[in-house]
Amino acid sequence: MNLLEISNLHASIEEDGTEILKGIDLTICPGEVHALMGPNGSGKSTLAHVLSGRPGYVVTQGRALFQGKDLLAMPAEIRAREGVFLAFQYPVEIPGVSNTYFLRTAVNTVRKHRGQLELDAIDFLALLDEKAKLVEMEEALLNRSVNEGFSGGEKKRNEVLQMAVLDPKLAILDETDSGLDIDALRVAASGVNALRDGARGMLVITHYQRLLDYIIPDFVHVLSDGRIVKSGDKNLAKELEAKGYSWIEKEPPATVSAAAGAIAS
Amino acid sequence: MTSVARATAIYEGVAALAESAMELATRRPSPPWLQRLRTAGVSAFEKLGFPSTHDEDWRFTNLAPLARAAFALSPDAVSLAERTAALELEARLGPLGLSSPMPRIVFVNGRLLRRSPGNLTSGILFECMKAVLATSPERVERALVARAAERDLSKQFFGSLGDAFLDEGVVLQVPPGAHLAEPLFILNVSTPPGSTEPPRMVHTRNLFTFEENSSATVIEIFLGANGPSFANVQTDVTLGRNARLNHVKIQLEGPETFHVGRLSVAHAAGARSASHVFSFGGKLVRNEIVTTLSGEGAGTELYGLFCANSGQHVDCHTFIDHAMPRADSVELYKGVLDGAGRGVFDGKILVRAGAVRTDARQTNRNLILSNSALVDSKPQLEIHNNDVRCSHGSTTGRLDADAVFYLRSRGLSPEAARALLTYAFGSELIEKVASADVRAFLENHLRAWLPANLAAPEIR
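Residues numbered from 1 in each chain as written. Chains lettered and ligands numbered in written order. Predicted model: local features only at pLDDT ≥ 70, side-chain atom pairs only at ≥ 80, totals over all residues. Heavy atoms only, no water.

### Side note on helix α8 (residues 401-408) of chain B
All names here are of chain B.
Okay, so step 1: The element α8 is extensively covered by neighbouring structure, given that six of its eight residues are classed as buried.
Okay, so step 2: Those residues of α8 that sit buried are A403, V404, F405, Y406, L407 and R408.
Okay, so step 3: N-cap assignment for α8: the residue whose side-chain oxygen lies 3.1 Å from the backbone N of D402 is D400. (Buried < 20%, exposed > 50% of the residue type's maximum accessible area, 1.4 Å probe, protein only. Helix = DSSP H or I, 4+ residues; strand = E, 2+ residues; numbered from the N terminus. Polar contact = N/O pair within 3.5 Å; in protein donor to acceptor, adjacent residues only side chain to side chain.)

### Description of the domain arrangement of chain B
Residue and element names in this part refer to chain B.
Okay, so step 1: What the domain assignment reports for chain B is domain 1 (71-399) and domain 2 (400-460).
Okay, so step 2: The C-alpha-based centres of domain 1 and domain 2 are spaced at 25 Å.
Okay, so step 3: Contacts between the two partners involve 30 residues from domain 1, matched on the other side by 23 residues from domain 2.
Okay, so step 4: For the pairing of domain 1 and domain 2, the buried interface totals around 2,300 Å² over both sides, and the portion due to carbon and sulfur atoms is 80%.
Okay, so step 5: Considering only the surface of domain 1 that becomes buried against domain 2, F280, K334 and L399 emerge as the three largest contributors, covering 27% of it. (Domains from an automatic or database assignment. Contact = heavy atoms within 4.5 Å. Buried area = accessible area lost by both parts, 1.4 Å probe.)

### Considering the sheet that holds strand β9 (residues 170-174) of chain A
All names here are of chain A.
Okay, so step 1: In spatial order, the strands read β6-β9-β10-β3-β11-β12; together these six strands make up an open sheet with mixed pairing. Single-partner strands in this sheet number two, and they are β6 (84-87) and β12 (227-232). On average, each strand axis in the sheet is tilted by 20° relative to the strand beside it, whichever way the strands run.
Okay, so step 2: In this sheet, β12 lies alongside strand β11 (residues 219-224) in antiparallel orientation, the contact comprising five bridges. Paired with V222 across the bridge in β12 is K230. (Pairing = 2+ DSSP bridges. Axes fitted to C-alpha atoms, helices over the stretch in contact; angles between N-to-C directions.)

### Here we look at empty space enclosed by the protein
Residue and element names in this part refer to chain B.
Okay, so step 1: Enumeration over the complete set of coordinates arrives at seven cavities of 30 Å³ or more.
Okay, so step 2: There is about 200 Å³ of room inside the largest cavity.
Okay, so step 3: Surrounding the largest cavity, 22 residues form its lining, G110, N188, V189, V202 and A231 being those nearest its centre.
Okay, so step 4: Elements with a contribution of two residues or more to the lining of the largest cavity: β1 (104-108), β5 (184-190), β6 (200-210) and β8 (229-239).
Okay, so step 5: Broken down by element, the residue count for the lining of the largest cavity peaks at five residues, all from β6.
Okay, so step 6: Size it by volume and the second largest cavity reaches roughly 170 Å³.
Okay, so step 7: Together, 16 residues line the second largest cavity, and L73, G110, R111, D167 and E168 are the ones closest to its centre.
Okay, so step 8: Mapped by element, the contributors of at least two residues to the lining of the second largest cavity are α1 (3-27) and β6.
Okay, so step 9: Ranked by residue count, the leading element in the lining of the second largest cavity is β6, at three residues.
Okay, so step 10: For the lining of the second largest cavity, the class distribution of residues is five nonpolar, four polar and seven charged. (1 Å grid on protein atoms, 1.4 Å probe; cavity = no way out; pocket = protein on both sides within 12 Å on 5 of 7 lines; lining within 4 Å. Points joined across faces, edges and corners; volume = space filled by probe spheres on them. Nonpolar A, V, L, I, M, F, W, Y, C, P; charged D, E, K, R; others polar.)

This is how it looks when you write it as structure tokens:
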């Protein structure tokens, strides 16, 4: 079964009705890593938000199925419990809530939903210790308030750590590379790569090709003005980097859209 | 009720209080100075009457419901029912319960239930006021008379009321250089009156004196079952040179309680105090903290967390008087208002003309959890010289929607997300308390107060 199947998805900003997504078609199978690229304002983050259930958007047409279930009908927390994870572009600081306490609460909420036993403190700390190594996360950061006073790199590593601990079936990484220097990028990317296990699907959203040097995608899609206008393999990203987004925007969308569907499914 | 009838009821309320105070005075054989103090208190509060909302200090808190209600002092003897009820409540204190090694004094409805000195070293007086007044009144005479004389009689209705009913409370005297490692614990329990008894009132008079270079922590807890009651708690503290007081007040009375408290701390040079106020219960609660930095280099930290739900009104009133140079003060008060709860923060910092190099920071932050909750915030800075560093700020808002979504995106239900964020907002003040037992106790209470249950944060 397909992990994620998005068809003809249209979504608008709730507040003013501006349409951002204008008919997205995208299918992700288990184990596949899809990169979604596109210029600023093309709708990349909006797609991530709509898939994760962030308030403030209205889906006007189309649908998204997650393991055959209607994803868009689920509240955000149910999507998370079912196995959809969003790594935030701008992780939120939560003063007063320790990273460890937050993670354990989240893990046990998800485990309970999946019919697994909740982890006690000792088992949880063992799991956390193991996963923290993946992203080279210092213990001090685990005991601090969630993201509070973290550097850009620490925040993104914390997102990858949460992903590792929550063990989602589909991970959506929203511009995980933004604001990172090359060392921080490498650490975050190697954490993500460690979580590629042949079953987990990933949607890697990025503006630049740079991240894709580290997380090698199976498929690359280009989003422009709310539609996927071109799809290909990892070489498409390199071509984009060389030619710029204007190259894509000049092509008529209808033909490329058909190609995208063919490659992605 | 018409306004005339209302005024009459309030007037009768004051007259009944005066009668009750006079009756108490005749029951207690006392030295002349003490009788004079009580009588002066009666005539002062009779003349003043209850403060009204026309009084700027009481603008946001209407005392009419208290003034109209009738309360009586408890009989001198503690009944078996009171003793049993108090023990039951005390047993619920968890880490601060009966097994705690802290030296403690327990009152039930204003009468001494038990005093256990723990391993207090000799030279430290930690005794109930009634015993001191009966056996060695000279130990408190000067301080009580001086404090009564200092009273701003135009303002202090409740202070005068405290003088008029002066009878019970705690006397603490810490000699020079003494450092008390274990906190001193004062527990005030109120139990509901029997069906034929009138609602109870308790007037508590605490007097703490710290000689130079001494230090101690005092924890006061007010605990109550359901049923109407009125507590008036007047605490005066004098800190000698370089003395240190850590004061924690936890107010957990029942939903029909009127509680008016005033903590006043006078600092000599280099003296430091910290006040932590936690208010969870009560129908109408007013906590006043007055700190006078009357010695060079003195310092104070005022922390408060107040939580109010429907049917509750909590008023936090603080005044920091920077009277001398190089003193510093830090203040952080947070309010959490749910349902139709009402909160007030009224904090004033006065920097006098000579108080150069003053460093004062005041912050009030309030969290509103419902559409009908309300908080009035009135931070004030009054500065009379240029060489100071002062700041103040007040914010009132709702939970951050981005944070709620962030937690939901990790699987937490909206209720759990809101509870966790609310807990985190309040826990900042709990973390400022030094005693781990007190922190654990407060964490439990904050969690219990939250609208949705929150799992115990075993891992920090």
